[in-house]
Amino acid sequence: MSSTVVDHELIIVGAGFSGIGTAIALRKAGFDDFLIIDEADGAGGTWHWNTYPGIAVDIPSFSYQFSFEKQRNWSRVYAPGRELKAYADRCVQKYGLRPRIRFGTTVVRADFDDALHLWRLHTADGDELTCRFMIGATGVLTRPKLPEIPGADRFTGTTMHTARWDHDVDLRGKRVGIIGTGASAIQIIPEIAERVSELVVFQRTPIWCLPRPDAPLPSAVRMLMGLPGGQLLTRLASQAFVELTFPLAAHYYGVLPVSKLGERTGLSHLKQQVHDPAVRAKLTPDYALGCKRPSFSNDYLRTFNRENVVLETDPITEITATGLRTTEQHHQVDVLIMATGFKVMESGNMPTFDLHGSNGVKLEEWWDTHRLQAYEGVSVPGFPNFFTIIGPYGYNGASYFTLIELQTTHILRLLREARRNRSTRVEVTHEANDRYFREMLDRRGSQVFWQESCSLANSYYFDKNGDVPLRPMSTVEASWRAGHFDLGDYRFDKAGTNVAVNAGRAQASKADR
Ligand code: NAP
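Caption draft 1: Examining the pairing of strand S3 (residues 34–37) more closely. Neither face of S3 is open: one carries Phe34 and Ile36, the other Leu35 and Ile37, and all of them are buried. Pairing of strand S2 (residues 8–13) with S3 involves 4 bridges; the strand directions are parallel. What sits directly across from isoleucine 12, in S3, is isoleucine 36. This β-α-β element, S2 to helix H1 (residues 17–28) to S3, shows right-handed connectivity.

Structure representation (structure tokens):
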């Protein structure tokens, strides 16, 4: 029997909350030989990259944190982004993850070695790292998407994407154009409107904007949360609110009247906030609430009452040297903000690097041929020893933290079983994957996404095949399944070659850069 050495038993790609949560779960379960790789120079993923003015979470903070690491000192019900970034850094510090993270390293390709049952990861700086198991924790909203509008390279002013905010750009007194009215724009627009001389908001599809039950958390409330059961109660109330407003509302549309109620609330919010009926009409969505991700804000809509804010709904035809031209007029701007979102259910993001499984099959191409799918949102047949935190049909709309915890439960069951029976290759069977995919498609009937009006929403939930690879089930059911799926849905095999783990080799070389 020949012998080879892998650098780590596990490599996690991504040091956002998915990667951090997975790493903590691995440590708690006694899997200590792992490395986390991230292209950024700090932890936190979304909360590391997104630093635009006004950034805050749009799920109550009581739910937007790990269940095992609840903190009481959020300043508001909806914590600002910098507090999330600090929370990520604290988790990294508290759970001793820093020496296991290699920052500033981009994985560009990964290949499964069929003979040795291991993954070979290639980085942009030319290194090769090997591991037995690889965990994809690269997140969903990772790759900024720029609009394909002619002339972008001709613009002589400053351009920036919301996820790459340049804090050296002083917006005071500037004419600013912002393309997009999604969740990021909704937070930025009210924040910058006061300091710019003119703000032109280019809207293609209006967003459902609901009131946000936000408030500062006074120290008295935080003290109450410190009493026995206080944390648990706030968490339960918050989880119930989140579950009702997204997963249940979207996936049980025909059964629960939450969306209709939400639409009435949204329309009344719009009426209260916007004075001009013509502007109000332009801001009124013509698709069902839930077709695309709604937003929550108490000051976005009323920003359109300001004299220096223009809502432009004519289509943009080109970007010029000095501004943007629509079908009707030219707007001169000094700064152009691209609030145009991210690659989501599309090539370049699914996955974020070239991933070749058994027999060299490329994951992106496999998904192109077979449609986006992954067993329980975690595993894909033909891609052994690779598990994703939020794969297709893994995200149901609940707080990412809840989903990260339940997906790591699934992965840990596999790793424990592989360790118990000394397997070196773990792969979901085609039968189990097909069964899960069929089940997901069968459950579509009760989802909001199949309303006719959703065709008007331009929603990134839909992929190029017209599928919505979100998980049509409640969080309670998804949690139960993570702990109870049949291990017989996977094949566990042993390599004919003895592969030793050389713990820490790769980590020692670069992790503390
Ligand atoms: P987004 O929701 O995808 O919005 C992108 C916006 O850009 C849309 O209004 C889109 O119009 C517009 N757009 C794109 N290309 C365009 C073009 N060529 N011409 C005109 N308009 C164009 O992106 P996002 O606002 O960055 O939000 C993405 C997701 O991030 C959210 O859904 C949410 O899940 C998350 N997020 C969360 C928070 C939070 O928790 N606080 C904050 C920000 C973002 P169409 O609608 O017509 O496509």
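Caption draft 2: Representation of the packing of aromatic side chains. In this structure the tally under the stated criterion is 26 aromatic pairs. For the pair tryptophan 74 and tyrosine 87, a centre-to-centre distance of 5.3 Å together with 55° between the ring planes defines the contact as tilted. You can see tryptophan 74 sitting in the loop between helix H2 (46–49) and helix H3 (81–94) and its partner tyrosine 87 sitting in helix H3, a full 13 residues away along the chain. Judged by centre distance (6.5 Å) and plane angle (90°), the ring pair of phenylalanine 449 and phenylalanine 462 falls under edge-to-face. Residue phenylalanine 449 is found in the loop between helix H11 (430–442) and helix H12 (475–484), and its partner phenylalanine 462 is found in the loop between H11 and H12; the two are separated by 13 residues along the sequence.

Caption draft 3: Fine view of the site of the ligand. In the vicinity of the ligand there are 23 residues, among which Ala56, Ser184, Thr205, Lys292 and Tyr460 approach most closely. The contact in question runs from an oxygen atom of the ligand to an N or O atom on the side chain of lysine 292, over 2.4 Å. Contact with the protein chains hides 86% of the accessible area of the ligand, taken as 910 Å² for the molecule alone. At 3 residues, the largest contribution of residues to the shell around the ligand is made by helix H4 (residues 183–193). Broken down by class, the residue content of the shell around the ligand amounts to 10 nonpolar, 9 polar and 4 charged.

Caption draft 4: Representation of the layout of surface pockets within the structure. Approximately 410 Å³ is the volume attributed to the second largest pocket. Taken together, 19 residues form the lining of the second largest pocket, with Gly54, Ala56, Glu191, Arg212 and Asp214 sitting closest to its centre. Looking at the lining of the second largest pocket, the elements that each hand over two or more residues are H3 and H4. The leading source of residues in the lining of the second largest pocket is H4, at 4 residues. Split into classes, the residues belonging to the lining of the second largest pocket amount to 8 nonpolar, 5 polar and 6 charged.

The rules behind each value
Residues numbered from 1 in each chain as written. Predicted model: local features only at pLDDT ≥ 70, side-chain atom pairs only at ≥ 80, totals over all residues. Heavy atoms only, no water. Buried < 20%, exposed > 50% of the residue type's maximum accessible area, 1.4 Å probe, protein only. Helix = DSSP H or I, 4+ residues; strand = E, 2+ residues; numbered from the N terminus. Pairing = 2+ DSSP bridges. Right-handed = clockwise from strand over helix to strand, strands pointing away. Phe/Tyr/Trp six-rings, centres within 6.5 Å; stacked < 30°, edge-to-face > 60°. Near = heavy atom within 4 Å. Polar contact = N/O pair within 3.5 Å; in protein donor to acceptor, adjacent residues only side chain to side chain. Areas by Shrake-Rupley, 256 points an atom, 1.4 Å probe, with all protein chains shown as cover. Nonpolar A, V, L, I, M, F, W, Y, C, P; charged D, E, K, R; others polar. 1 Å grid on protein atoms, 1.4 Å probe; cavity = no way out; pocket = protein on both sides within 12 Å on 5 of 7 lines; lining within 4 Å. Points joined across faces, edges and corners; volume = space filled by probe spheres on them.

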